[in-house]
Amino acid sequence: MVHSSLPPSKGLISSRQVLCTGMWEEERYPEGIKWKFLEHKGPVFAPPYEPLPENVKFYYDGKVMKLSTKAEEVATFFAKMLDHEYTTKEIFRKNFFKDWRKEMTSEEKSTITNLSKCDFTHMSQYFKAQSEARKQMSKEEKQKIKDENERLLKEYGYCVMDNHKERIANFKIEPPGLFRGRGNHPKMGMLKRRIMPEDIIINCSKDSKIPAPPPGHKWKEVRHDNKVTWLVSWTENIQGSIKYIMLNPSSRIKGEKDWQKYETARRLKKCVDKIRNQYREDWKSKEMKVRQRAVALYFIDKLALRAGNEKEEGETADTVGCCSLRVEHIKLHPELDGQEYVVEFDFLGKDSIRYYNKVPVEKRVFKNLQLFMENKQPEDDLFDRLNTSILNKHLQDLMEGLTAKVFRTYNASITLQQQLKELTNPDDNIPAKILSYNRANRAVAILCNHQRAPPKTFEKSMMNLQSKIDAKKEQLADARRELKSAKADAKVRRDEKSKKIEEQLMKLEVQATDREENKQIALGTSKLNYLDPRISVAWCKKWGIPIEKIYNKTQREKFAWAIDMAEEDYEF
DNA sequence: AGCTAGACTTAGCATGGCCACG
DNA sequence: CGTGGCCATGCTAAGTCTAGCT
């Protein structure tokens, strides 16, 4: 209804044909041109601050204090987070207080000198009551909000890029608030300021209807850059980085890019043996730089580690990837649990997610690691002669378009394909086959270290499921007893009933197994970002599994190109 | 060669709507 | 008819990588 005026396949099929000849870029969009026409309505700004009602009080040092609007707004950000552990953290409090004071009037600044004397509890209670009231709203009131959201989406949520009406991913500007980084972030608690039209750069085509800034305001800039895909950008004040409004994954421009990514990974498949032989040779190189590069690449390939760019110290949480590993992140065990040459990894990766793994490696790798660690302090770089730029330049020489992250995509996708082959039992019914699919998916998630903390309700929900299973077992026993005692003419019907219950039981048991195995593993990220969707589509076709069992609505939209093009014999 | 800005992908967590169940 | 749990979705932080500069 709302998406492209053309079926999703149309543009893609024609570009596939040109892509295969390597002409796609040149033919449709010469030299990095991303579009010819781009029209949109601009961003939706965060709602303005609504001052608190008079009866909601803030107390300083036990006394009521009326705050200026600006100071009050920032105070409400803190009050809304009061239940969170991080409002007790020193860094969070220090950063918050510093930024809050900047918003205060000079009188406020001279009075409010100690955060510990600030009492936000009344404000906090007010917000809790508000959110409670929101939950208690009548159907009509809720519907009204829903309608308004839909209207907003309809007006601002779409753009026209070339001949397609496309969904925009994030057309709402991020509201102001307190920055919460992941892990031990040095900037946690800082004030994320309100974005104004004057901060906004609009990107659209010259011949489009240019979006109007809100009354009384101006855009920072309107530009017409068709070498980029974004519609709107602004500079964020915490890290000083640029934020963008871009298209939804279902859009042509994102879909084609995604497809290209998997095609690059498939090209790696063709030369990965050669590359592996090469880096194994390089373990013996006379040059330290070459050895380090070769060992790092081995880790990236074998363990699906991220590249590991350098980060500015003190600006972000202390996390690492392969090239930025430090001596303190690995332990060498000449022998461990009956295995030789074991490397024990323990470090924080992206999003401060812990990577912990004990890996037996080849003797040569082990000896090299010992060499790299000689005469170094724990906080020294393991690969002191290497960085991602050097590594990627090397990879580029091995294969056009090859970078470190392609190994993750390649290894994830090839693992899924292998595991599906290995685990799918042709005689299984649909739920059992889906369990096999999820297990294959799980193997990938483990490889990519996509872990999650077990859901808070995990134990409880497992118990609920188990009691459902027990009840179903009872029901089955009853049905069987009835079957036995039934008269001949009722037997067939009774038998059918037992069969149906049996199937339901089986389904529940499969569900329990799946959930148990999935306790600490997140499948979503690999499914969305690493697994060539054509593998899954082909598998569904081959075994007669409805695609809806594997991909939800959003995922089907994102992977429309694959659903459309992959046949059951597709090979990654 | 090294550095930084810029553009784009990948990531986990919070939220809220919906549906099964009592 | 209300409630509790689950999953889809939204949000935005945090990575990767390139291009362009010095």
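Residues numbered from 1 in each chain as written. Chains lettered and ligands numbered in written order. Predicted model: local features only at pLDDT ≥ 70, side-chain atom pairs only at ≥ 80, totals over all residues. Heavy atoms only, no water.

Engineer: Even after reading the chapter, I still don't get the protein's contact with DNA strand B, so can you show me in this structure?
Structural biologist: For DNA strand B, the set of nearby residues contains 24 residues, the closest of which are K254, K261, K350, T525 and Y530. Atoms of DNA strand B within 4 Å of the protein belong to the sugar or the phosphate in 83% of instances, the rest to bases. K405 has a polar side-chain atom sitting 3.4 Å from a phosphate oxygen of DNA strand B. Residue contributions to the surface near DNA strand B peak at three residues, all from helix α8 (residues 252-282). Its residues placed into classes, the surface near DNA strand B shows seven nonpolar, five polar and 12 charged. (Near = heavy atom within 4 Å. Polar contact = N/O pair within 3.5 Å; in protein donor to acceptor, adjacent residues only side chain to side chain. Helix = DSSP H or I, 4+ residues; strand = E, 2+ residues; numbered from the N terminus. Nonpolar A, V, L, I, M, F, W, Y, C, P; charged D, E, K, R; others polar.)

Engineer: Explain the packing of helix α9 (residues 288-303) against helix α11 (residues 388-398) here, please?
Structural biologist: Packed helices, taken two at a time, are described by the angle between their axes plus the distance between the axes. Put simply, α9 and α11 touch, their axes get as near as 11 Å, and they point 80° apart. As the angle between them shows, α9 and α11 are arranged roughly perpendicular. On the side of α9, the interface is formed by K289, R293, L297 and I300, while α11 contributes I390, L391, H394 and L395. Residues belonging to the contact of α9 with α11 are distributed by class as follows: five nonpolar, one polar and two charged. (Axes fitted to C-alpha atoms, helices over the stretch in contact; angles between N-to-C directions. Parallel < 35°, antiparallel > 145°, perpendicular 65-115°, else oblique. Contact = heavy atoms within 4.5 Å.)

Engineer: Hey, could you run me through the UniProt feature "coiled-coil region" (unreviewed entry) in chain A in this one?
Structural biologist: Here the UniProt feature "coiled-coil region" (unreviewed entry) sits at residues 128-155 and 462-518. Along residues 128-155 the backbone is 89% helical and 0% strand, and the end-to-end C-alpha distance reaches 32 Å. (UniProt positions renumbered as here; feature names shortened; annotations may be inferred.)

Engineer: Got a minute to help me understand the packing of aromatic side chains in this structure?
Structural biologist: Each aromatic ring pair is summarised here by two numbers: the centre-to-centre distance and the angle between the ring planes. According to the stated counting rule, one finds 27 aromatic pairs in the structure shown. Each ring, one from Y298 and one from F299, has its centre 5.9 Å from the other, and the planes form 40°; the classification is tilted. With respect to class, Y298 is no different from F299; both count as buried. Pairwise contacts between aromatic rings join Y279, W283, Y298, F299, F345, F347, Y355, F372 and F383 into one cluster. A cation over a ring is seen here: K80 above F127, with NZ or CZ 4.7 Å from the ring centre. The side chain of K165 reaches across the aromatic face of Y158, ending 5.0 Å from its centre. (Phe/Tyr/Trp six-rings, centres within 6.5 Å; stacked < 30°, edge-to-face > 60°. Buried < 20%, exposed > 50% of the residue type's maximum accessible area, 1.4 Å probe, protein only. Lys NZ or Arg CZ within 6 Å of the ring centre and 35° of its normal.)

Engineer: Whenever I open this one, the pattern of salt bridges confuses me. Can you help?
Structural biologist: A side chain with one charge may pair with a side chain of the opposite charge, provided their charged atoms come close. Across all of its chains, the model carries 33 salt bridges by this definition. The salt bridge partner of K41 is E155, with a shortest N-O separation of 3.8 Å. Of this pair, K41 sits in the loop between β1 (38-39) and β2 (58-60) while E155 sits in helix α7 (residues 139-156), placing them 114 residues apart in sequence. Between D162 and R252 there is a salt bridge whose closest N-O contact spans 3.7 Å. With a gap of 90 residues between them, D162 in the loop between β5 (158-161) and β6 (164-167) and R252 in helix α8 connect regions that are remote in the sequence. (Salt bridge = Lys/Arg side-chain N within 4 Å of Asp/Glu carboxyl O.)

Engineer: So what exactly am I meant to see when it comes to empty space enclosed by the protein here?
Structural biologist: To find leftover empty space, a probe the size of one water molecule is rolled over the atoms. Overall, the coordinates contain one cavity of 30 Å³ or more when judged by the stated rule. Its volume calculated, the largest cavity comes out at about 50 Å³. Lining the largest cavity, in full, are E174, P175, K192, R193, I195, W234, E236, N237 and K243. Considering only residue class, the lining of the largest cavity consists of three nonpolar, one polar and five charged. (1 Å grid on protein atoms, 1.4 Å probe; cavity = no way out; pocket = protein on both sides within 12 Å on 5 of 7 lines; lining within 4 Å. Points joined across faces, edges and corners; volume = space filled by probe spheres on them.)

Engineer: I tried to follow the packing of α9 against helix α12 (residues 404-423) on my own but got confused; where do I start?
Structural biologist: At a minimum axis separation of 8 Å, α9 and α12 run at an interaxial angle of 30°. In this view, α9 runs roughly parallel relative to α12, as classed from their interaxial angle. Two packed elements cross with a definite hand, and for α9 against α12 that hand is right-handed. In contact with L297, I300 and D301 of α9, α12 contributes A404, F407 and N411. (Left-handed = near helix turned anticlockwise from the far one by under 90°.)

Engineer: Hey, could you run me through the sheet that holds β5 in this one?
Structural biologist: Strands pair in a sheet through their backbones, by hydrogen bonds, and they do so in one of two ways: parallel or antiparallel. The three strands lie next to each other as β1-β5-β6, forming an open sheet whose pairing is antiparallel. Of all the strands in the sheet, the pair left with one neighbour each is β1 and β6. Direction of pairing for β5 relative to β6: antiparallel, over a ladder of four bridges. Bridging across to β6, Y158 finds its partner in R167. (Pairing = 2+ DSSP bridges.)

Engineer: Can you help me understand the layout of surface pockets in this one?
Structural biologist: Estimates place the volume of the second largest pocket at around 930 Å³. Forming the boundary of the second largest pocket are 26 residues, of which P47, P48, E50, K80 and R134 lie nearest the centre. Breaking the lining of the second largest pocket down by element, the ones donating at least two residues are α3 (69-80), α6 (121-135) and α7. Per-element accounting of the lining of the second largest pocket gives the leading share, five residues, to α6. By residue class, the composition of the lining of the second largest pocket is 17 nonpolar, three polar and six charged.

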